[in-house]
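Here's the letter readout for the chains.
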Amino acid sequence: EAGVAQSPRYKIIEKRQSVAFWCNPISGHATLYWYQQILGQGPKLLIQFQNNGVVDDSQLPKDRFSAERLKGVDSTLKIQPAKLEDSAVYLCASSFNTGNNSPLHFGNGTRLTVT
Amino acid sequence: AQSVSQHNHHVILSEAASLELGCNYSYGGTVNLFWYVQYPGQHLQLLLKYFSGDPLVKGIKGFEAEFIKSKFSFNLRKPSVQWSDTAEYFCAVNARDTGRRALTFGSGTRLQVQP
């Protein structure tokens, strides 16, 4: 089966610019996650979707970050405006549902550098 | 909220040496426990998981982990490492007694196996 697709792989922007990342989960996966992984740290959850609804966005910096999954399939994560501390790898993951027997599948991530 | 601590940030071993990576979690309720691995240039992959039952779980590539509830620990072990085990290893947890299935990750341990 095709894995979780993310684009772009790399992005370099200047601070205060805007950027968007795209994720296409595995076909049929209802649950989608966006994680932020800063260098030297583990992934940190930004937002979790169940179909097109938000389950958890408690750690999403809503003043600058937004995400949507309008049709319950692919998703975009946007940062506007970017700060230096947003430099990180942004990981998308999906799972069939939220049950125990539904492991997370991760994409390769988008590496963002803010200068 | 859950938290995960991984004590070893960088481990260097020779081939055939035994491996043990520490993981402790903090949460008052029931948890599911996971180890993920990220090989250089690849996405995060599930190594093994514990939901319930036998606290000693076996995963892929000869890895195993033991859940010790009294110590809030889920250490990863392998009797004899290979050069191909060079990767970053992440311990993760989610709370079983809530609807949240998103994973909370530790900061990771970088394993370098020297031939």
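Just so it is clear, the model here is predicted, and its values are computed rather than measured. (Residues numbered from 1 in each chain as written. Chains lettered and ligands numbered in written order. Predicted model: local features only at pLDDT ≥ 70, side-chain atom pairs only at ≥ 80, totals over all residues. Heavy atoms only, no water.)

### Considering the overall build of chain A
Thought 1: The helix and strand inventory of chain A stands at zero helices and eleven strands.
Thought 2: For chain A, the N- to C-terminal ordering of α and β elements is β-β-β-β-β-β-β-β-β-β-β.
Thought 3: Taken over the C-alpha trace, chain A has a radius of gyration of 13 Å; the compact-globule value for 115 residues is 13 Å, and the two agree within 12%.
Thought 4: Looking at the 115 residues of chain A, the share that counts as buried comes to 44%.
Thought 5: Within chain A, residue pairs in contact and separated by at least 24 positions form 53% of the contacts whose partners lie at least 6 positions apart.
Thought 6: Of the roughly 5700 Å² of accessible surface on chain A, 49% is carried by carbon and sulfur atoms.
Thought 7: If the 12 positive side-chain charges of chain A are averaged to one point and the 9 negative ones to another, these points end up 5 Å apart. (Helix = DSSP H or I, 4+ residues; strand = E, 2+ residues; numbered from the N terminus. Rg over C-alpha atoms; globule rule 2.2 N^0.38 Å. Buried < 20%, exposed > 50% of the residue type's maximum accessible area, 1.4 Å probe, protein only. Contact = heavy atoms within 4.5 Å. Areas by Shrake-Rupley, 256 points an atom, 1.4 Å probe, with all protein chains shown as cover. Lys, Arg positive; Asp, Glu negative; His and termini not counted. Charge placed at Lys NZ, Arg CZ, Asp CG, Glu CD.)

### Regarding the interface of chain A and chain B
Thought 1: At the interface, 20 residues of chain A touch 17 residues of chain B.
Thought 2: Summing both sides of the interface, chain A and chain B together bury roughly 1600 Å²; the carbon and sulfur share of this comes to 52%.
Thought 3: For the pair chain A and chain B, the interface holds zero salt bridges.
Thought 4: The interface formed by chain A and chain B contains two residue pairs in polar contact (both at pLDDT 80 or more).
Thought 5: Among the elements of the structure, β4 (31-37) and β5 (44-50) of chain A are those that each provide at least two residues to the side of chain A that touches chain B.
Thought 6: Of all the elements, β4 of chain A adds the most residues to the side of chain A that touches chain B, at three residues.
Thought 7: Broken down by class, the residue content of the side of chain A that touches chain B amounts to eight nonpolar, eleven polar and one charged. (Buried area = accessible area lost by both parts, 1.4 Å probe. Salt bridge = Lys/Arg side-chain N within 4 Å of Asp/Glu carboxyl O. Polar contact = N/O pair within 3.5 Å; in protein donor to acceptor, adjacent residues only side chain to side chain. Nonpolar A, V, L, I, M, F, W, Y, C, P; charged D, E, K, R; others polar.)

### Focus: the nonpolar core
Thought 1: Ranked by internal contacts, the top residues of the largest apolar core, which has 30 residues, are L33, W35, L48, F74, L76 and Y89 of chain B.
Thought 2: For this core, the leading source of residues is strand β10 (residues 87-95) of chain B, giving five residues.
Thought 3: Residue contacts for Y89 of chain B: discarding those within four places in its chain leaves Q6, L21, W35, Y36, V37, L47, F63, L76, G108, T109 and L111 of chain B.
Thought 4: Within the second largest apolar cluster, 21 residues are counted, among which are V4, I79, C92 and V114 of chain A. (Core = buried A, V, L, I, M, F, W, Y, C linked by side-chain atoms within 4.5 Å.)

### Observations regarding the layout of surface pockets
Thought 1: Estimated volume of the largest pocket: approximately 710 Å³.
Thought 2: What lines the largest pocket is a set of 30 residues, among which L39 and R111 of chain A together with Q38, E88 and R110 of chain B lie closest to the centre.
Thought 3: When residues of the lining of the largest pocket are traced back to their parent elements, those giving at least two are β9 (88-95) and β11 (110-114) of chain A together with β10 and β12 (109-114) of chain B.
Thought 4: By residue number, the principal contributor to the lining of the largest pocket is β11 of chain A, which donates four residues.
Thought 5: Across the lining of the largest pocket, the residue classes break down as ten nonpolar, 16 polar and four charged. (1 Å grid on protein atoms, 1.4 Å probe; cavity = no way out; pocket = protein on both sides within 12 Å on 5 of 7 lines; lining within 4 Å. Points joined across faces, edges and corners; volume = space filled by probe spheres on them.)

### Some details on the state of the cysteines
Thought 1: If you walk through the whole model with that rule in mind, you get two disulfides over all chains.
Thought 2: A sulfur-sulfur separation of 1.9 Å characterises the disulfide bridge that pairs C23 of chain A with C92 of chain A. Residues C23 of chain A and C92 of chain A are joined by a disulfide whose S-S torsion is about -70°; by sign, that bridge is left-handed. Residue C23 of chain A is located in strand β3 (residues 19-24), and its partner C92 of chain A is located in strand β9; the two are separated by 69 residues in the primary sequence.
Thought 3: C23 of chain B shares a disulfide with C91 of chain B; S-S distance 1.9 Å. Classification of the bridge connecting C23 of chain B and C91 of chain B rests on its S-S torsion, roughly -65°, and on that basis the disulfide is left-handed. Taken together, the residues C23 of chain B in the loop between β3 (19-21) and β4 (24-26) and C91 of chain B in strand β10 connect sequence positions 68 residues apart.
Thought 4: Overall, C91 of chain B belongs to the buried group, its relative accessible area being 1%. (Disulfide = S-S within 2.5 Å.)

### So, the pattern of salt bridges
Thought 1: Summed over the entire model, instances satisfying the criterion amount to seven salt bridges over all chains.
Thought 2: Here D86 of chain A and R64 of chain A are joined by a salt bridge, their closest N and O atoms 2.5 Å apart. Linking D86 of chain A in the loop between β8 (75-79) and β9 with R64 of chain A in the loop between β6 (53-56) and β7 (65-68), this pair joins segments that are 22 residues apart in sequence.
Thought 3: Here D86 of chain A falls in the buried class, since its relative accessible area comes to 2%.
Thought 4: Judged by relative accessible area, which is 11%, R64 of chain A ranks as buried.
Thought 5: Three or more residues are tied together by salt bridges with common partners; here these are K58, E64, E66 and R77 of chain B.

### A short note on the environment of L112 of chain A
All names here are of chain A.
Thought 1: Looking at where L112 falls in the secondary structure, it is placed in strand β11.
Thought 2: In this structure the C-alpha to C-alpha distance between L112 and V55, which are 57 residues apart in sequence, comes to 25 Å.
Thought 3: The residues contacting L112, other than those within four sequence positions of it, are K11, I13, V19, F21, I79, D86, S87, A88 and Y90.

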